[in-house]
Each structure stands twice: as structure tokens, then as C-alpha cells.
Amino acid sequence: MSTQTIKLLEKFIDYCSVKNKVISKNIANIGTENYRREDVSFQEMLDTKMNQMRTTNPKHISFLPMSETQFQIYKDKGMENVSGVNNVDIDKEMSELAANALLFRFSSKKIGDYYRGLQNVIKGGGKL
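Residue positions are given per chain, counted from 1 along the sequence in the order it is written. The model is predicted, so local features are restricted to residues of pLDDT at least 70 and side-chain atom pairs to those at 80 or more, both for listing and for counting; the totals for chains, interfaces and linings are taken over all residues. Excluded from the side-chain calculations are hydrogens and water; all other atoms, namely the structure's heavy atoms, are used.

Draft legend 1. Spotlight on the packing of aromatic side chains. Any pair of Phe, Tyr and Trp rings, taking the six-membered ring for Trp, is counted once the centres come within 6.5 Å. Such a pair is stacked with planes under 30 degrees apart, edge-to-face with planes over 60 apart, and tilted for the rest. Applying the stated rule across the entire model yields 3 aromatic pairs. Pairwise contacts between aromatic rings join Phe12, Tyr15 and Phe71 into one cluster.

Draft legend 2. Fine view of the pairing of strand β1 (residues 38-41). Exposure classes here rest on a 1.4 Å probe applied to the protein chains alone. A residue is buried below 20% of its type maximum, exposed above 50%, and partly exposed in between. For the purposes of this entry, the term helix denotes a DSSP run of H or I that reaches at least four residues, the term strand denotes a run of E that reaches at least two, and both are numbered from the N terminus. Residues Glu38 and Val40 point to one face of β1 and Asp39 and Ser41 to the other, with burial holding for every one of them. Pairing between strands is defined by DSSP: at least two bridges between them are needed. Taken together, the 4 bridges between β1 and strand β4 (residues 72-75) define a ladder with antiparallel strand orientation. The residue of β4 that forms the bridge with Ser41 is Gln72.

Draft legend 3. Inspection of the nonpolar core at higher detail. By size, the foremost hydrophobic cluster in this structure holds 7 residues: Phe12, Tyr15, Cys16, Val22, Val40, Phe42 and Phe71. Here this core takes 4 residues from helix α1 (residues 3-28), the largest share from any one element. Excluding its chain neighbours within four sequence positions, the residues that come into contact with Cys16 are Asn100, Leu103 and Phe104. For the purposes of this section, nonpolar cores are sets of buried Ala, Val, Leu, Ile, Met, Phe, Trp, Tyr and Cys residues that join through side-chain atoms within 4.5 Å. Among the nonpolar cores identified, the runner-up in size contains 5 residues, and Leu9, Ile13, Ile111 and Tyr114 belong to it. Residue contacts are defined here by distance: any two heavy atoms, one from each residue, within 4.5 Å place the two residues in contact.

Draft legend 4. A look at the pattern of salt bridges. Should a side-chain nitrogen of Lys or Arg be within 4 Å of a carboxyl oxygen of Asp or Glu, the pair is scored as a salt bridge. With the rule as written, the count across this model stands at 10 salt bridges. Residue Lys25 pairs with Glu38 through a salt bridge whose shortest N-O separation is 3.2 Å. Of this pair, Lys25 sits in helix α1 while Glu38 sits in strand β1, and the two are 13 residues apart along the sequence. Residue classification places Lys25 among the partly exposed positions, given a relative accessible area of 38%. A salt bridge links Arg37 to Asp76; the nearest nitrogen and oxygen atoms lie 3.4 Å apart. Of this pair, Arg37 sits in the loop between α1 and β1 while Asp76 sits in the loop between β4 and α3 (90-123), and the two are 39 residues apart along the sequence. With a relative accessible area of 4%, Arg37 lands in the buried category. Judged by relative accessible area, which is 23%, Asp76 ranks as partly exposed. Residues joined by salt bridges that share partners form a network here, namely Lys19, Arg37, Asp39, Asp76, Glu93 and Glu96.

Rendered as C-alpha cells:
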């Protein structure tokens with residue numbers, strides 16, 4: 001796994017962390033009158049990174065160095081009062097929370113596997 005892939009996974013873990021905080025805030029405010037649910041924009045960052053891609057070989061694609069991109073948190077402009085008080089749908093928030101937890105676990109496992117493999121190579125017990 002390349003260093004750029006590790007950095008991308010680390011950035012994705014950052015995204016999952018921010019997303020978790022936003023979902024938790026939405027759930028905590030389900031009974032708050034006139035509260036508008038919030039979400040995190042990952043697509044804009046992804047589009048930016050896709051535009052920065054360059055090929056070094058016709059068969060390989062790599063990312064340019066990642067900048068310290070902050071994720072955009074925005075208010076959902078949907079006007080329907082799903083909960084009767086605001087536009088937070090508890091079922092949607094809980095499903096997003098579960099999906100986000102799976103993505104976080106996957107990314108952290110891949111990074112952990114990489115570093116365990118690297119540690120194994122350093123100790124002289126295997127290949128990377």
C-alpha cells in the first residue's frame with residue numbers, strides 16, 4: 001500500500017470522525033424546535049482531489065499531495081418537519097451512524113494492517 005493511499009485513508013477517517021459528530025448533534029437536537037439537521041460534504045473534497053490527479057504511467061494513477069482540506073458542514077434546507085418539530089429523521093440518522101461506523105472500522109483496520117505489516121518487516125519476519 002502506498003503512502004498516498006495511507007494518507008487518503010487517514011483523511012477518510014478524519015471525515016468519518018466529523019460525520020459522527022454531526023450525526024450525534026442531529027440526534028441530540030431531534031426535539032429542538034426549528035433546528036435544521038446538518039451534514040458533511042465529502043463530495044466536494046473528492047471532486048477537488050479527482051481534479052488534482054495525474055498519471056505517471058498509462059496504467060497507474062496517483063494523487064498529488066493532499067492539502068489540509070477541511071470538510072464543509074452545511075445545514076439541510078429541507079423544510080419538511082419529519083419529527084414534528086424539525087427536519088431530523090431519527091431513522092435516517094441512525095442508519096447513517098451505522099454506515100459511518102462501518103466505514104470508520106474498515107479504514108482504521110486497513111491502516112492498522114499496513115502498520116502491523118510494516119512492523120513485521122522491520123522485525124525481519126515477513127514481506128510488506
